[in-house]
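An overview of the molecular structure
Listed here are the chains, written in short residue letters.
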Amino acid sequence: MTPALLTPRLLLRPLEHEDSLALADLLNRPEVARGLCTIPKPFTPLHASAMILMIRASEARGLEFVWAVENGEGDVVGQIGLRQTKPGCAQLGYAFLPEFWGQGLGREAMEAVLDWATRQTGFTALEAEAHPDNPASLHLLEKLGFVPKGAVQRFSLAQQDRIPLVSFHKSLGAPAHLAVA
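This text gives an overview of the structure that appears in the document. (Residues numbered from 1 in each chain as written. Predicted model: local features only at pLDDT ≥ 70, side-chain atom pairs only at ≥ 80, totals over all residues. Heavy atoms only, no water.)

Attention shifts here to unusual backbone geometry. Looking along the chain, the bond that leaves lysine 41 and enters proline 42 is cis, with omega of 0 degrees. The backbone of glutamine 160 shows a phi angle near 50 degrees, a positive value even though the residue is not glycine. For glutamine 160, the location among the structural elements is in the loop between β7 (147–156) and β8 (161–171). For glutamine 160, a relative accessible area of 54% corresponds to the exposed category. (Helix = DSSP H or I, 4+ residues; strand = E, 2+ residues; numbered from the N terminus. Buried < 20%, exposed > 50% of the residue type's maximum accessible area, 1.4 Å probe, protein only.)

Walk down a regular strand and you will see the side chains alternate between the two sheet faces. Relative to strand β2 (residues 11–14), strand β1 (residues 5–6) runs antiparallel, the two being bridged by 2 bridges. Paired with leucine 6 across the strands is leucine 11, a residue of β2. Counting the residues between successive antiparallel strands, the hairpin from β1 to β2 contains 4 residues. In the sheet, β2 pairs with strand β3 (residues 64–70) via 4 bridges, with the strands oriented antiparallel. (Pairing = 2+ DSSP bridges.)

Turning next to the packing of aromatic side chains. Tallying each qualifying case throughout the model produces 3 aromatic pairs. Where phenylalanine 65 meets tryptophan 116, the ring centres are 4.9 Å apart and the plane angle is 70 degrees; that geometry is what we call edge-to-face. Placement of phenylalanine 65 in strand β3 and of tryptophan 116 in helix α4 (residues 105–120) is noted, with a sequence separation of 51 residues between them. Exposure remark for phenylalanine 65: the relative accessible area of 9% places this residue in the buried category. Between phenylalanine 65 and phenylalanine 123 the ring centres are 6.4 Å apart and the planes differ by 75 degrees, which places this aromatic pair in the edge-to-face class. (Phe/Tyr/Trp six-rings, centres within 6.5 Å; stacked < 30°, edge-to-face > 60°.)

The next point concerns empty space enclosed by the protein. Any empty space left between atoms is shown by rolling a water-sized probe over those atoms. The full count for this structure, using the stated rule, is 1 cavity of 30 Å³ or more. As a volume, the largest cavity reaches approximately 30 Å³. Taken together, Leu15, Asp19, Ala22, Leu23, Leu26, Ala68, Val76, Gly78 and Gln79 form the lining of the largest cavity. Secondary structure elements with two or more residues in the lining of the largest cavity: α1 (20–28) and β4 (76–86). Partitioned by chemical class, the residues of the lining of the largest cavity number 6 nonpolar, 2 polar and 1 charged. (1 Å grid on protein atoms, 1.4 Å probe; cavity = no way out; pocket = protein on both sides within 12 Å on 5 of 7 lines; lining within 4 Å. Points joined across faces, edges and corners; volume = space filled by probe spheres on them. Nonpolar A, V, L, I, M, F, W, Y, C, P; charged D, E, K, R; others polar.)

As a further point, take the sheet that holds β4. With mixed pairing, the 8 strands of this open sheet are ordered in space as β1-β2-β3-β4-β5-β6-β8-β7. Of all the strands in the sheet, the pair left with one neighbour each is β1 and β7. Against the sheet, α1 engages β4 and β5 (89–96), with an angle of about 80 degrees to β4. (Contact = heavy atoms within 4.5 Å. Axes fitted to C-alpha atoms, helices over the stretch in contact; angles between N-to-C directions.)

Right, let's talk about the nonpolar core for a bit. Judged by nonpolar contacts, the single largest core of 33 residues is most densely connected at Leu12, Ile80, Leu82, Leu92, Leu141 and Phe146. Taken together, the elements giving at least two residues each to this core come down to β3, β4, β5, α4, β6 (125–130), α5 (135–143) and β8. Sorting elements by how many residues they give to this core places α4 first, with 8 residues. By size, the runner-up hydrophobic cluster in this structure holds 17 residues, among which are Leu36, Ile39, Met51 and Leu97. (Core = buried A, V, L, I, M, F, W, Y, C linked by side-chain atoms within 4.5 Å.)

Before going further, it helps to examine the layout of surface pockets. Computed from the structure, the largest pocket encloses a volume of approximately 1400 Å³. As for the largest pocket, its lining consists of 49 residues, of which Leu36, Gly93, Tyr94, Ala95 and Glu129 are closest to the centre. When residues of the lining of the largest pocket are traced back to their parent elements, those giving at least two are α2 (30–33), α3 (45–60), β3, β4, β5, α4, β6 and α5. Per-element tally for the lining of the largest pocket: the top contributor is β5, with 6 residues. Among the residues making up the lining of the largest pocket, the classes are represented as 24 nonpolar, 16 polar and 9 charged.

Encoded structure:
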């Protein structure tokens with residue numbers, strides 16, 4: 001199950017059914033949706049509810065961990081998650097409301113998730129992708145130790161076309177519970 005994580009300014013908590021409206025609002029924002037591949041447009045609260053149910057099923061099997069990101073006022077300002085893509089490797093995905101960009105919240109949330117993943121999961125590597133026209137996201141991934149692997153093309157449900165992305169990779173240290181003495 002996805003645990004709650006607390007940072008100096010944020011609460012990362014498991015997505016709840018009640019987050020459907022906030023999640024739909026976030027993922028419908030054109031600035032956010034342009035770099036997402038698996039989200040249809042429009043993305044309705046019903047889509048969000050179904051997505052939350054699917055995430056819960058994957059969480060129960062330890063294949064996915066997704067957090068709603070709340071600021072100090074209790075507003076959902078983003079979403080961040082890890083989804084296993086192959087044994088030992090997970091895809092990092094994240095989205096934040098544009099009005100909260102540039103405040104360091106993405107970095108704060110991602111650092112908490114990366115620290116947790118290193119200590120508590122069996123993941124030894126993470127992958128991530130960012131739109132080439134999103135310099136803040138590209139820079140953030142590099143600051144967090146992700147290494148660019150090159151350009152890729154992915155089909156976007158929202159755009160109904162292939163979009164360019166930059167692929168990243170990060171090796172994680174051996175989790176404490178798996179470390180060999």
